[in-house]
Amino acid sequence: MTDTQAKTEDEAILSSETISKALDTVPNAEFMVHNGDLVDDGVKEEQWDWLLGHSQESLLNTTFAPSAGNHEDESYAFIDHFNLDVPENSATETGAYYSYDYSNAHFVVLNSNEDSEKYANFSENQIEWLKEDVKAAKANGSKWVIVNIHKGPYTTSNHATDDDIMDPNGVRNQVAPLMAELDIDFVLQGHDHIYARTKPITSNGTASETEKITETKKGQTVEYTVNPDGAIYLIPATAGPKVYYKNQDPVLGEAFYNLFEVADENHSAIYGPDPSNNTRPVRGQIQNFVGISMDKEKLTAVTYEIDQNKNNAEPYIIDQLGIIKK
Ligand SMILES: [Fe+2]
Ligand SMILES: [Fe+2]
C-alpha cells in the first residue's frame, strides 16, 4: 500500500483502518510494504503518533517494510521512526534505501528524496548500490526482484508530468531503463494518488507484447503475462484520504497511455470535487491496497478497494494481474 498520509487524527484513523482491513483480507501475509508518504508532515511528531498509535495492534502483528516519501524527506524524519538495516555509510537524512530477501524474492526499497545532476531524485551512490545489490541478489538465486519507489516513472496523475520524472535526467529517462536492464519484475510506486498499472516496459521505454495465460480461481480471473521483457509498474492509489484526478496534460499523449494496462480516472471522482480544493476529488472516500504472492514460477497481485459508501466499507477485488516466469 502507499500514501497513508493523514493530515488529521481522523484521517489517521481512516489510514489505520486500511492497514487492519488489509491484514484481515490477506490473513497469511508475511509482511506489509508501504511505498511512502506515511504521514503528511514528517517533522510533526503527532502525525507519526496518530498513524503508528492507531495502527499499533496491526503493526505489532506483522513486519513493516516502509519507503520514504517526500512528505517525510527532511531532518531524518523517516529513519528515526524505523529500525532498518541500511547500507553502510548511506545517506539517511532524506529517507533511506535498503533491501531484503523473502523466500525466493528480493525486495529493493529506493529513496526518491535524494538528488543529483545525473539521476534527478537519486544520488549516484544510490544508483550504483541498486545495480550491485540486484546483481548480487540474482547471483544468490533470487527468482523475483521487486522494487519499491515513492516517486515512480509510470503513473497517471499530476506527478506523471513533473520535471523530476520527465526531464532528460528524470526518473522516466534514467532510472526506468535500468529497471528493465537489471531484469526487475515488478515496480511498486506511490506519490501520485491514483490506481494504474503498466504493460511490461522495456529498456527503451516501449511496452512489450507477451504471451498471456488466463487462470480462473474461486470464480476470479487472473491474466498472467508470460516471460515478460521488461518491468511491470503498479501504483496502488492511496491507503489514506488524499486523491488526485487523472492527468489530462496533452504532453503525455496516446503513446504514453498505451503503455498502461489500466489507466482509469480516479475511482473517487464519482463523489465529486473536494470542497476545499476543486482540482482534486473529495478526500477520504476510497482506499486501496494490493495482496501479492509469489511461488517458483508465478507472481500474483490482487488489488482491493475500500469504498466508504458501499459494501459496509469492506474490501472487494477490483483488479488482478500476474507474471509467469518459466
Ligand atoms: Fe502522497
Ligand atoms: Fe509523495
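These lines cover the structure that appears in this document, whether it is placed above or below. (Residues numbered from 1 in each chain as written. Chains lettered and ligands numbered in written order. Predicted model: local features only at pLDDT ≥ 70, side-chain atom pairs only at ≥ 80, totals over all residues. Heavy atoms only, no water.)

Thoughts on the coordination of the iron ion (ligand 2)
Reasoning step 1: The protein atoms that coordinate the iron ion (ligand 2) are Asp37 (OD), Asn70 (OD1), His150 (NE2) and His191 (ND1), at distances of 2.1 to 2.2 Å.
Reasoning step 2: Coordination geometry of the iron ion (ligand 2): the 4 donor atoms subtend angles of 88 to 160° at the metal centre, consistent with an arrangement described as irregular.
Reasoning step 3: Considered as a linear motif, the donors of the iron ion (ligand 2) on their single chain read D-x32-N-x79-H-x40-H.
Reasoning step 4: Between the iron ion (ligand 2) and the iron ion (ligand 1), a separation of 3.3 Å is found, and both are coordinated by Asp37. (Donors = N, O, S within 2.8 Å, 3.2 Å for Na, K, Ca; no water. Tetrahedral: all angles 85-135°; square planar, octahedral: opposite > 155°, others 65-115°.)

What about the coordination of the iron ion (ligand 1)?
Reasoning step 1: For the iron ion (ligand 1), the full set of protein donor atoms is Asp3 (OD), Gln5 (OE1), Asp37 (OD) and His193 (NE2), at a range of 2.1 to 2.2 Å.
Reasoning step 2: In this structure, the iron ion (ligand 1) is coordinated by 4 donor atoms arranged in irregular fashion, with angles at the metal of 88 to 175°.
Reasoning step 3: Mapping the donors of the iron ion (ligand 1) onto the primary sequence yields the spacing D-x1-Q-x31-D-x155-H.
Reasoning step 4: The class of Gln5 is buried, set by a relative accessible area of 1%. (Buried < 20%, exposed > 50% of the residue type's maximum accessible area, 1.4 Å probe, protein only.)

Digging into the packing of helix α1 (residues 9-25) against helix α2 (residues 45-54)
Reasoning step 1: Where α1 meets α2, the closest approach of the two axes is 8 Å, and the angle between their N-to-C directions is 35°. Read as a crossing pair, α1 and α2 show a hand that is right-handed. Residue-level contacts link Glu9, Ala12, Ile13, Ser15, Ser16 and Ile19 of α1 to Trp50, Leu51 and His54 of α2. (Axes fitted to C-alpha atoms, helices over the stretch in contact; angles between N-to-C directions. Helix = DSSP H or I, 4+ residues; strand = E, 2+ residues; numbered from the N terminus. Left-handed = near helix turned anticlockwise from the far one by under 90°. Contact = heavy atoms within 4.5 Å.)

Structural notes on the sheet that holds strand β16 (residues 316-324)
Reasoning step 1: Strand order across the open sheet formed by 5 strands is β8-β9-β16-β15-β14, with mixed pairing between neighbours. Strands with a single pairing partner mark the edges of an open sheet, and in this sheet they are β8 (212-217) and β14 (286-294). For this sheet the average axis-to-axis angle between neighbouring strands, irrespective of direction, equals 20°.
Reasoning step 2: Sheet strands touched by α1: β14 and β15 (298-307). Its angle to β14, the strand with the most contacts, is close to 30°. (Pairing = 2+ DSSP bridges.)

Some words on α1
Reasoning step 1: With 17 residues, α1 extends 24 Å from end C-alpha to end C-alpha; this agrees with the ideal 24 Å at 1.5 Å per step.
Reasoning step 2: Considered for burial, the residues of α1 that qualify are Glu11, Ala12, Leu14, Ser15, Ser16, Thr18, Ile19, Lys21, Ala22 and Leu23.
Reasoning step 3: In this structure, the buried residues of α1 make contact with β1 (32-34), α2, α3 (56-59), β14 and β15. (Expected span 1.5 Å × (residues − 1).)

Things to note about the side chain of Gln320
Reasoning step 1: On the secondary structure map, Gln320 appears in strand β16.
Reasoning step 2: Overall, Gln320 belongs to the buried group, its relative accessible area being 12%.
Reasoning step 3: A polar side-chain atom of Gln320 sits 3.3 Å from a polar atom in the side chain of Gln220.
Reasoning step 4: Dropping the residues within four chain positions of it, Gln320 is found in contact with Arg197, Gln220, Thr221, Val222, Ala301 and Val302. (Polar contact = N/O pair within 3.5 Å; in protein donor to acceptor, adjacent residues only side chain to side chain.)

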